[in-house]
Amino acid sequence: MARNTINSLGTADLRTKKTNKWAEARRQPFLLISSALLLIYGIIFYYVPVLGWITAFQDYKPAKGFLKSQWVGFAKFQKLFENKTFYLAFRNTLAMGVINLVFHFLTAIAFALILNEVRVMFAKKFVQTISYMPHFLSWIIVTAIVRDILSADGIVNEFLMNVCGNKMPIDFFAVKGYFWWIVAAANVWKETGWNAIIYLAAITAIDPALYEAADMDGATRFQKVWYITLPSLRPTIMILLLINIGNVLNAGFELQYILGNDVISDVSKILDVFILDWGISQFDFSLGTAAGIFKSVIALILVCLGNWTAKRTGDERLF
Amino acid sequence: MKKKYGAGDIAFEVFLVIFLIVFVMVTLYPVINTLAISFNDGFDTITHRIHFIPHQWTTDNYKAVFAKEGYRQAAIVTVARTVIGTLLSLVVNSILAYVISRKKFLFKKSFSLFWVITMYVNGGLIPTYIVFQKLHLTNSFWVYVIPGAVSAFNMLVIRNFMNGIPDSLEESAQIDGAGYFKIFVSIISPLCKPVYATITLFVAVYHWNAWFDAMIYNKMHDEYTVLQYELMKQLQTAMKSAGSVEGLKNSGTTITPTSIRAAATIVTMVPILFIYPFLQRYFVTGLTIGGVKE
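Being a predicted model, the structure only gives us computed values, none of them experimental.

Cut-offs used in this document
Residues numbered from 1 in each chain as written. Chains lettered and ligands numbered in written order. Predicted model: local features only at pLDDT ≥ 70, side-chain atom pairs only at ≥ 80, totals over all residues. Helix = DSSP H or I, 4+ residues; strand = E, 2+ residues; numbered from the N terminus. Rg over C-alpha atoms; globule rule 2.2 N^0.38 Å. Buried ≥ 20, exposed ≤ 12 C-beta atoms within 10 Å, placed from the backbone. Contact = placed C-beta atoms within 7 Å. Core = buried A, V, L, I, M, F, W, Y, C linked by C-beta atoms within 7 Å. Domains from an automatic or database assignment. pLDDT = per-residue confidence, 0-100. Axes fitted to C-alpha atoms, helices over the stretch in contact; angles between N-to-C directions. Parallel < 35°, antiparallel > 145°, perpendicular 65-115°, else oblique. Left-handed = near helix turned anticlockwise from the far one by under 90°. Nonpolar A, V, L, I, M, F, W, Y, C, P; charged D, E, K, R; others polar.

Topic: the overall build of chain A
Along the backbone of chain A there are 17 helices and two strands. Since a compact globule built from 319 residues should have a radius of gyration of about 20 Å, the 27 Å found for chain A marks it as more spread out than a globular shape. In terms of its C-alpha atoms, chain A occupies a principal-axis envelope of roughly 90 × 75 × 35 Å. Within the span of chain A, comprising 319 residues, buried residues form 33% of the whole. Across chain A, the fraction of contacts at a sequence separation of at least 24, relative to all contacts at a separation of at least 6, is 69%.

Structure representation (structure tokens):
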């Protein structure tokens, strides 16, 4: 320790900053070599694909490649914005994203608050462990579950016919009005327990003295939740909202891709499916890329907007 | 001191109990139902409603799943990508997090920014596809494990954990003559076991559940298929032929697509369902340090 201090003082006095840097570089070959390799990796797998955005301004033909494909300026974007399906896909993505976001927060916070009121430790632990389970199941499995539950002989129709007196089973995947809410319900089923983890952790960090003081004043259980627990969670809620606003356009994929059919495609088709349709199936790589760029730019604007709002309101910022 | 309970408190407790029971039922029902169908005779499932318990026990559905060439191959590939992908991810993400969290690293700021940007900007499906094709990653096993190996999010989770380790440990090791590699292997990594466990779980679950890359990059190569993709193909067939139950009744086989799908689903679920409860304490801490940035 002592030698280190003397050393750094000495070098600061005697040498320029530049030679200091060289000396430091000599001491960290592992850091420099591994970062160089990771830099190359990052450029290849994260930055070069972004360069691929130029295909959106070309009439890209795989046989000709980036260099020889014909430049078309904004023609592909023009074609995109004239496409009615694209508007529907954008609207559907946004709608499902927003619905999911709202339900994500409402259910996670409510579940955390309710679970926190359970005083029997065994029951609390058991329910919490069960609640994480769906998060680990793949979306393929969840999609299969949704399909089975809502099918003509599924449990939902059984319930509606036996308890609510419906005469005929409802074909849930043939009615446009249901689809967004089916997606929302599937998300709630899968992620509520998982999303609540962070709130439950934040709740344990609340100063117990606050609750004791509230007890002295004769606060009811509900009042303690409303006036102590919930306000204490505000910073956590804000930062998570911030992170998730940038994800609003990632409204899931499997449910829409597998359960969407021709009858309800007006409400079920999302941007990712649109891109897949055009890019991979119809081989119009440029149009698919243009749609991808549109999605990326909107997402970036949302992230910056969220960040700016948080800065204005004085909450934590993301970057 | 014992508190007195009013009518409101009792009503609240009743509400709690009912809520918890309903919650657990709703969460577990689909899984138990699938399990029951997977152990029930396929033909019998069509005529009887199966809820919690099989009506006519059989293990034929499982035998049928394992007899299928596609599923056997998919299981091998899935295990391989999960093991190789997770190990690779853990090594590269921990090295990256270590490099970025060193206070004296010369390019600390710019290199951090380089990776944070990748969280917000990406090429998108089609440019990525073209790049992978040019790199000859399509139609190969390696497309599963190499491109996703480094993830800025996982790196940040590890970095946040490493930032919490006191600098004095590194300094005293340096005085003893240890280089950065030695410090990483013998001082920092042993302390990072909890966060490594978290990342292992996250990445392993990702690999186990992935299917999209199999469909996009290896569609024509059945030797690289994965379990989830096989399930997905079955599900798509089921969606298309929803009304053909009658045809099945006449075909004479007792194994229906529904029952075989249920068995395949259970096979795919089981490894994860057995592992995650034991890793609970790790992912809870991992999520907390990762989500709340200081």
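Now that the structure is up, let's keep going.
With respect to the overall build of chain B
When helices and strands are tallied, chain B shows 16 helices and zero strands. In summary, chain B has a C-alpha radius of gyration of 25 Å against a globular reference of 19 Å for 294 residues, an excess of more than 25%. Counting only C-alpha atoms and orienting by the principal axes, one finds that chain B spans roughly 80 × 75 × 35 Å. For chain B, with 294 residues in total, the buried portion stands at 38%. Considering only intrachain contacts with a sequence separation of at least 6, the fraction spanning at least 24 residues in chain B is 73%.

Here's the deal with the interface of chain A and chain B
Contacts between chain A and chain B engage 66 residues on the former and 65 residues on the latter. Counting residues per element, the side of chain A that touches chain B draws most heavily on helix 3 (residues 29-51) of chain A, at twelve residues.

Structural notes on the nonpolar core
Counting 112 residues, the largest nonpolar core has Ala291 of chain A together with Leu96 and Ile158 of chain B as its most contacted members. A total of ten residues in this core trace back to one element, the largest contributor, which is helix 4 (residues 69-101) of chain B. Both of domain 1 (2-73) and domain 2 (77-313) of chain A provide at least three residues apiece to this core. Discounting chain neighbours no more than four positions away, the residues touching Ile158 of chain B are Asn93, Ser94, Ala97, Cys192, Val195 and Ile199 of chain B. In this structure, Val127, Ile197, Ile203 and Ile239 of chain A belong to the second largest nonpolar core, which totals 15 residues.

Some remarks on the confidence of the model for chain B
Residues and elements named next belong to chain B. When pLDDT is averaged along chain B, the result is 85; 90% of the residues meet or exceed 70. Of all helices and strands in chain B, the one with the weakest mean pLDDT is helix 14 (residues 245-251) (50), whereas helix 7 (residues 142-145) scores best (94). Interface predicted TM-score (ipTM) for the complex: 0.88; the corresponding pTM is 0.87.

As for the packing of helix 3 of chain A against helix 5 (residues 108-120) of chain B
Following both chains from N to C, one finds helix 3 of chain A and helix 5 of chain B inclined at 25 degrees, their axes separated by 11 Å at the closest point. It follows that helix 3 of chain A is roughly parallel to helix 5 of chain B by the angle criterion. The hand of the helix 3 of chain A/helix 5 of chain B crossing is left-handed. Listed contacts from helix 5 of chain B to Ser35, Gly42 and Tyr46 of chain A of helix 3 of chain A are Phe111, Phe114, Trp115 and Thr118 of chain B. Per-class residue counts for the contact of helix 3 of chain A with helix 5 of chain B are four nonpolar, three polar and no charged.

Brief notes about unusual backbone geometry
All names here are of chain B. A positive phi is found at His136, a non-glycine position, where the angle reads about 60 degrees. For His136, the position within the fold is in the loop between helix 6 (125-134) and helix 7. For Asn139, which is not a glycine, the phi torsion comes out positive at approximately 60 degrees. Tracing the backbone through its elements, the reader meets Asn139 in the loop between helix 6 and helix 7. Residue class for Asn139 comes out partly exposed when judged on the 15 C-beta atoms lying within 10 Å of it.

Comments concerning helix 11 (residues 208-216) of chain A
When you tally the buried positions in helix 11 of chain A, you get zero out of nine residues, a small fraction of the element. One or two steps after helix 11 of chain A, the chain reaches Gly218 of chain A, where phi turns positive at roughly 75 degrees.

Here we look at the packing of helix 4 of chain B against helix 8 (residues 152-163) of chain B
Any two packed helices are characterised by how steeply their axes cross, that is the angle between the axes, and by the distance between the axes. Residue and element names in this part refer to chain B. Look at helix 4 against helix 8: their axes get within 8 Å of each other, and the N-to-C directions meet at 50 degrees. As summarised for this structure, helix 4 and helix 8 are arranged oblique, according to the angle between their axes. As helix 4 packs across helix 8, the resulting crossing turns out to be right-handed. Residues Ser89, Asn93, Ser94, Leu96, Ala97, Tyr98, Ile100 and Ser101 of helix 4 touch helix 8, and the partners they reach there are Asn154, Met155, Ile158, Arg159, Met162 and Asn163. In terms of residue class, the contact of helix 4 with helix 8 is built from seven nonpolar, six polar and one charged.

Things to note about the confidence of the model for chain A
As a note on interpretation, predicted positions should not be read in detail where pLDDT is low. In this model, chain A carries an average pLDDT of 86, and 92% of its residues clear a pLDDT of 70 or more. Throughout residues 1-12 of chain A the model reports pLDDT below 50, and contacts reaching past four residues in sequence, or to other chains, amount to six contacts.

Details of the environment of Ala89 of chain A
All names here are of chain A. Among the structural elements, Ala89 can be located in helix 6 (residues 84-116). Residue classification places Ala89 among the buried residues on the basis of 25 C-beta atoms within 10 Å. In this structure the C-alpha to C-alpha distance between Ala89 and Val188, which are 99 residues apart in sequence, comes to 22 Å. Here Ala89 is in contact with Lys269, Ile270, Leu271 and Phe274, once residues within four sequence places are set aside.

Remarks on the domain arrangement of chain A
All names here are of chain A. Taken domain by domain, chain A comprises domain 1 (2-73) and domain 2 (77-313). Inter-centroid distance (C-alpha atoms) of domain 1 to domain 2 is 37 Å. Between domain 1 and domain 2, the residue contacts involve seven residues of the former and five residues of the latter. Here the side of domain 1 that touches domain 2 is composed, by residue class, of three nonpolar, three polar and one charged.

Thoughts on the environment of Asn218 of chain B
All names here are of chain B. Relative to the elements of secondary structure, Asn218 occurs in the loop between helix 12 (212-217) and helix 13 (227-240). Overall, Asn218 belongs to the buried group, with 21 C-beta atoms counted inside 10 Å. A sequence separation of 49 residues divides Asn218 from Leu169, and the C-alpha atoms of the two residues are 47 Å apart. Those residues in contact with Asn218 that sit more than four places away from it in its chain are Asn139 and Tyr224.

Let's talk about the environment of Phe212 of chain B
By the secondary structure assignment, Phe212 of chain B is in helix 12. Considering only alpha carbons, one finds Phe212 of chain B and Leu106 of chain B, 106 residues apart in sequence, at a separation of 39 Å.

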